[in-house]
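What the coordinates show
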Amino acid sequence: MSEDIRLQVSHISKTFGITKALKDVSFNINKGEVHALIGENGSGKSTLTNMLTGIYPMESGTFTLDGVQIHPKNQVDANNLGVSIIVQELGTLSGLTVAENIFLGHEDRFMKFGFRNTHAMNAEADRLLQRYGFNNIKASNMVDDYNFEDRKLVEIVKATYFNPKIVVIDETTTALSQEGREVLYKQMEAIRAAGNTVIFISHDLPEVIAKSQTITILRDGVYIDTIKSADVTEDQLKKLMVGREVTGDYYRSDYGEKISEEVVLSVRHVTVPGIIEDVSFDLHKGEILGFGGLSESGMHEVGKAIFGASYDREGEVKLQDGTAINDIPTAIKHSVAYTSKDRDNESVVINQSIRDNVALPSLDRLTYGSSRFLSWPRIKEFAQKFAHEMSVKMVNTDQFVSELSGGNKQKVVLARWIGRGSDIVVLDSPTRGIDIKVKQDIYQLMNRMRQEGKSIIMISEELMELIGMCDRIIIMKDGKISGEAPRSRELDENSLISMMV
Amino acid sequence: MIDRFNQLSGANKGYIVLTALVFLSWLIFKILTPDNFGSPSNLVAYFQASLITTVGAIGFYFVMDMGMFDFSIGANIILSAIVGCQLATNFDLGYAGLILGSIATGALVGLCNGFFYVKLRIPSMIVTAGLALIYESIANYMAGGVEQTLPSSLRAFGQMPGNIILAIVTFIIAYVVLNYTKFGTYTYAIGSDEFVAKNMGINVDKFKVLAFILSGAFFGAMAVLTISYGSSMVAVTGMASMSRNFIPTMGCFFGLAFMKYGIPLQAIILGEFIVNIIFFGFISLGAPTAIQDVITGFALLIIITLTTKVTKGEIVK
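Parameters and conventions
In this numbering scheme, every chain counts its residues from 1 along its sequence in written order. As they are written, the chains are lettered A onward and the ligands numbered 1 onward, keeping that order. Thresholds applied to this predicted model are a pLDDT of at least 70 for local features of residues and 80 or more for the giving and counting of side-chain atom pairs; totals over whole chains, interfaces and linings are not thresholded and use all residues. Numbering goes from the N terminus for both helices and strands, where a helix is a DSSP run of H or I of at least four residues and a strand is a run of E of at least two. We call a residue exposed when 12 or fewer other C-beta atoms sit within 10 Å of its C-beta, buried when the count reaches 20 or more, and partly exposed for counts in between; the C-beta positions come from the backbone. Any residue pair is listed as a contact if its two C-beta atoms, each placed from the backbone, are within 7 Å. Computation of the radius of gyration draws on C-alpha atoms alone. For the globule rule, the value is 2.2 Å times the number of residues to the power 0.38. DSSP-based pairing: two strands are paired if at least 2 bridges between them are found. To get an axis, fit a line to the C-alpha atoms, keeping to the stretch in contact for a helix; angles then go from 0 to 180 degrees between the N-to-C directions. Only buried Ala, Val, Leu, Ile, Met, Phe, Trp, Tyr and Cys residues enter a nonpolar core, and they are joined through C-beta atoms within 7 Å. Domain limits in this description derive from either an automatic procedure or a database domain assignment. Gly is placed with the polar residues, together with every amino acid not listed as nonpolar (Ala, Val, Leu, Ile, Met, Phe, Trp, Tyr, Cys and Pro) or charged (Asp, Glu, Lys and Arg). Oblique is the label for every angle not falling under 35 degrees (roughly parallel), over 145 degrees (roughly antiparallel), or within 65 to 115 degrees (roughly perpendicular). Multiplying one less than the number of residues by 1.5 Å gives the expected span of a helix. Every residue is assigned a pLDDT by the predictor, reflecting its confidence on a scale from 0 to 100. Here a crossing is called left-handed whenever its near helix is offset anticlockwise from the far helix by less than a right angle, and right-handed whenever the offset is clockwise.

With that settled, the discussion passes to the overall build of chain B. Along its length, chain B carries 13 helices and two strands. Once the C-alpha set of chain B is aligned to its principal axes, its extents read approximately 60 × 60 × 35 Å. By the burial criterion, 48% of the 317 residues in chain B qualify as buried. Restricting to contacts in chain B with at least 6 residues of sequence separation, those with at least 24 account for 79%.

In structure tokens, the structure reads:
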């Protein structure tokens, strides 16, 4: 074994239900480097680092840190072994002070006879905050007194103050302003300079190339390659991430088809305070209209606004026949469907059967004759028909949705709206965390729906699929529309990114 | 003015809001019934009465800030008071029997609550409601259906300074536990995000049981104050003990609402004071019980609505 190797990842596999999140992944990570881990959503990056840091239990395979096998039982255990993580979401706990957050699980050094020397703990936390230059944060204050960005800074201290051998930074930069990013980059550099290692997960490829020395690519839970950042271009990385040349039957293959003149939905001056501002556009019959942008650009709110699910929305959403959509029941009644980005919480009813999930918005039609009594034979038949049409991988429609993989859950959601016969379908991140095979099914389904004259709004953080599927792409930035691009063979990600940032 | 207020530290904001509420609740009744309400000596009496429930509310806070609930508060107080009273009188153990017996019984009830909640994995509300019936029956059996009276020679905790001393001791214990032990931090951590807490190596089940035990012991102390103040205790059955749950729970809501300002215990003490001002205000008004209950119910809803902020679209259960 070479002197420089810090961590050997060997034969790591992990399954969630029937989803194989990681398949026999092996590679090495060196000392004194920023090692980027990249891949599309659902490629297994976070699963791998969550196992390394004790958040998920290990399944098969080993992590060898400086020649010793490690099996962290939880995050504190991982810290003690020299591994820490800064997570994507909020990692600090409300109701605790800044100091309590920093030392959570590590209070023993301040304990004497069962009592904690809170004063000494606060003083130590203040000393650390000073050392990092975060002078505006006070250790004894409640962490709730600080905004998201400052709380991220507290997490940086929490994850790095004890000089861990490996610090995992999981898509933290997207949540930070430029200033916050610079602070983080400085810390990454300091860790590297001290001979320790950063595992850096980011979707921002220019950032990855600029800030890392080595890059490992994962795709659908499989290890693809490890390369030097200096030797690679963004385009090469993308190709490694997606894994294949995009062909006709993956995305749409048609170009130059004329979009119908018929406007089925018009959105005028829609504002949701603090999220989107003065958004106006038209959706045409048989059109796939894409929305792209950074995750916080407001594009996800556009979907909710159209469906009447936004709070305090201003402006106008009108259908062809003049119906104004201001609430969800009106939207559903007039054939508008919506699938949320947050599939588990906002789209499927996890602890219900596939049958119930598919039939839910159509129950008013599945009754005995014109009575109000539900007809279970009709419901069953209905669910079966549309679940099969969507080729949901299942035992039968009685199976609970909680047992399905992400891709199949999404198919259940789509079956629901297709069964309802919706003409306008708003899909927010429809392929998020879904493997390539199911992605292809969903793209093909969207293409069929389009040909049947249905109109689709597709909101996605993955520019490639927008380029591959949409008739038009609207780009959002800071809550406003910042540009629009029509479908063409020449359209590439760079021209869209330039409108995003 | 508002800008200035916003610049204050969290704790100061909390104190200002609470003091304003104390003043406001006093002022309303002082205007309505100026003669027999709200003199300085009246207020001292209201405060003393509020100490009884405050002791329970502070204990309950350890359970509630973890996101759990307890419907057996009243049953616990009745059972603990009866055990304490019997040890003090029938077994001639005096004050030691009263205090240690009540507190140990309370803690034992807490242990039962915690144990069954953790082992059965059903919501704490249901577990404690079911167990409350059992505690009530045990108390009733022990009392033999007869009202248990504490002789006047053993009622030092029913008046000054005994009640204040016992209350202050419990406050200090709660304060130290919350701020100077791991347990305090872990209760917040578990209440904030159980999954993250587990990942930090915290034995969540253990701390949940501990919270119930501690909370039970505080209810035991509340039982001492209750029977000393009221001189006797009837072992009611059929969930009738539930009526004793209300006031400690209300104080506890104050604690939760002011948790974000970092002054939960202080908020519980002042909160219970406010609740008692309102209660005694109604009594001075001579309002019928039914109307008192209606208004108290609304007051609770208003206070909680004003003090807790729910994010738009957040699901509340």
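A separate point is the overall build of chain A. Tallying secondary structure elements over chain A gives 17 helices and 21 strands in all. Computed over C-alpha atoms, the radius of gyration of chain A comes to 25 Å, within 12% of the 23 Å expected from 2.2 N^0.38 for 501 residues, which places it in the range of a compact globule. When its C-alpha atoms are laid out on the principal axes, chain A stretches across 75 × 50 × 45 Å.

Here we come to the sheet that holds strand 16 (residues 314-319) of chain A. Residue and element names in this part refer to chain A. Strand order in the open sheet formed by three strands is 14-13-16, and the pairing between neighbours is antiparallel. For this open sheet the edge positions go to strand 14 (276-284) and strand 16, each flanked by a neighbour on one side alone. Adjacent strand axes in the sheet meet at a mean angle of 5°, parallel and antiparallel pairs treated alike. Here strand 13 (residues 263-272) runs beside strand 14; their pairing, made up of six bridges, is antiparallel. Note on strand 14: the bridge partner recorded for Leu 265 is Leu 283.

Right, let's get into the sheet that holds strand 20 (residues 472-477) of chain A. Residue and element names in this part refer to chain A. The six strands are arranged 17-18-19-15-20-21 in an open sheet whose pairing can be described as mixed. The open sheet has two free edges, formed respectively by strand 17 (336-339) and strand 21 (480-486), since each of these has just one partner strand. With strand direction ignored, the average angle separating the axes of adjacent strands in the sheet is 15°. Pairing analysis gives five bridges linking strand 18 (residues 424-428) to strand 19 (residues 455-459), with the strands arranged parallel. Pairing of Ile 424 across the sheet is with Ser 455, part of strand 19. Where helix 9 (residues 299-306) meets the sheet, it contacts strand 15 (288-292), strand 17, strand 18, strand 19 and strand 20, and its direction lies at approximately 145° from that of strand 19.

Attention now moves to the nonpolar core. In terms of nonpolar packing, the biggest core is built from 156 residues, with Ile 82 and Ala 189 of chain B touching the most fellow members. Looking at which element gives the most residues to this core, the answer is helix 10 (residues 204-230) of chain B, with 15 residues. Among the nonpolar cores identified, the runner-up in size contains 65 residues, and Met 299, Phe 382, Trp 417 and Ile 475 of chain A belong to it.

All right, on to the domain arrangement of chain B then. All names here are of chain B. Looking at chain B, the domain boundaries give domain 1 (8-37 + 245-308) and domain 2 (56-244). One C-alpha centre belongs to domain 1, the other to domain 2; they are set 23 Å apart. Of the residues lining the interface, 13 residues belong to domain 1; the matching set on domain 2 comes to 17 residues. Here the element with the most residues in the side of domain 1 that touches domain 2 is helix 11 (residues 246-257); it accounts for seven residues. Classifying every residue of the side of domain 1 that touches domain 2 by side-chain character gives eight nonpolar, four polar and one charged.

Next up on the list: the packing of helix 5 (residues 148-160) of chain A against helix 6 (residues 178-193) of chain A. Residues and elements named next belong to chain A. Running from amino to carboxyl end, helix 5 crosses helix 6 at an angle of 5°, the nearest separation of the two axes being 11 Å. With respect to each other, helix 5 and helix 6 are oriented roughly parallel. Judged by residue contacts, Glu 149, Lys 152, Leu 153, Ile 156 and Thr 160 of helix 5 engage Gly 180, Val 183, Leu 184, Gln 187 and Ile 191 from helix 6. The residue inventory of the contact of helix 5 with helix 6, partitioned by class, reads five nonpolar, three polar and two charged.

This part covers helix 10 of chain B. Each α-helix winds once per 3.6 residues, and so residues spaced three or four apart point in a common direction. All names here are of chain B. When the terminal C-alpha atoms of helix 10 are compared, their 38 Å separation across 27 residues agrees well with the 39 Å that a helix rising 1.5 Å per residue should span. Counting buried residues in helix 10 gives 21 out of 27 residues, a clear majority hidden from the surface. Just past helix 10, the residue Ser 231 takes up positive phi, approximately 70°.

A few words on the domain arrangement of chain A. Bring the parts together and some accessible area is lost; that lost area is often taken as the interface size. Domain annotation for chain A reports domain 1 (5-242), domain 2 (262-335 + 423-430 + 449-501) and domain 3 (343-422). Computed over C-alpha atoms only, the centres of domain 1 of chain A and domain 3 of chain A are separated by 40 Å.

For the rest of this paragraph, the subject is the confidence of the model for chain B. Averaged over every residue, the pLDDT of chain B is 87; residues scoring 70 or more account for 95%. Both confidence scores are given for the complex: pTM 0.72, ipTM 0.73.

Across the boundary between the two partners, chain A contributes 23 residues, which contact 22 residues of chain B. Of all the secondary structure elements, the ones that give two or more residues to the side of chain A that touches chain B are helix 2 (75-81) and strand 8 (115-116) of chain A. Of the residues forming the side of chain A that touches chain B, the biggest block, three residues, is contributed by helix 2 of chain A. Here the residues of the side of chain A that touches chain B sort into nine nonpolar, eight polar and six charged.

The next thing to look at is the confidence of the model for chain A. In the predicted model, chain A carries a mean pLDDT of 87, and 95% of its residues have values of at least 70. Taken element by element, chain A is modelled with least confidence in helix 11 (residues 343-347) of chain A, mean pLDDT 79, and with most confidence in strand 19 of chain A, mean pLDDT 96.

With respect to the helices and strands, the residue Phe 219 of chain B is situated in helix 10. Phe 219 of chain B has contacts with Gly 56, Gly 59, Ile 73, Asn 76, Ile 77, Ser 80 and Gly 106 of chain B, leaving out every residue within four places of it along the chain.

All names here are of chain B. Taking 1.5 Å of rise per residue, the 20 residues of helix 6 (residues 124-143) would be expected to cover 28 Å, and the 28 Å separating its terminal C-alpha atoms lies within 8% of that figure. Those residues of helix 6 lying buried are Ser 124, Val 127, Thr 128, Leu 131, Ala 132, Tyr 135, Glu 136, Ala 139 and Ala 143. Buried residues belonging to helix 6 abut helix 4 (73-89), helix 5 (94-120) and strand 1 (148-149). One or two steps after helix 6, the chain reaches Gly 144, where phi turns positive at roughly 60°.

Residue and element names in this part refer to chain B. Axis separation between helix 3 (residues 40-64) and helix 11 bottoms out at 8 Å; the angle between their running directions is 55°. Classified by the angle between their axes, helix 3 and helix 11 sit oblique to one another. For helix 3 against helix 11, the interelement crossing comes out right-handed. Contact with helix 3, carried on its side by Thr 53, Thr 54, Gly 56, Ala 57, Phe 60, Tyr 61 and Met 64, involves Ile 247, Pro 248, Thr 249, Gly 251, Cys 252, Gly 255 and Leu 256 of helix 11 and no other residues of that element. When the residues that make up the contact of helix 3 with helix 11 are grouped by side-chain class, the tally is eight nonpolar, six polar and no charged.

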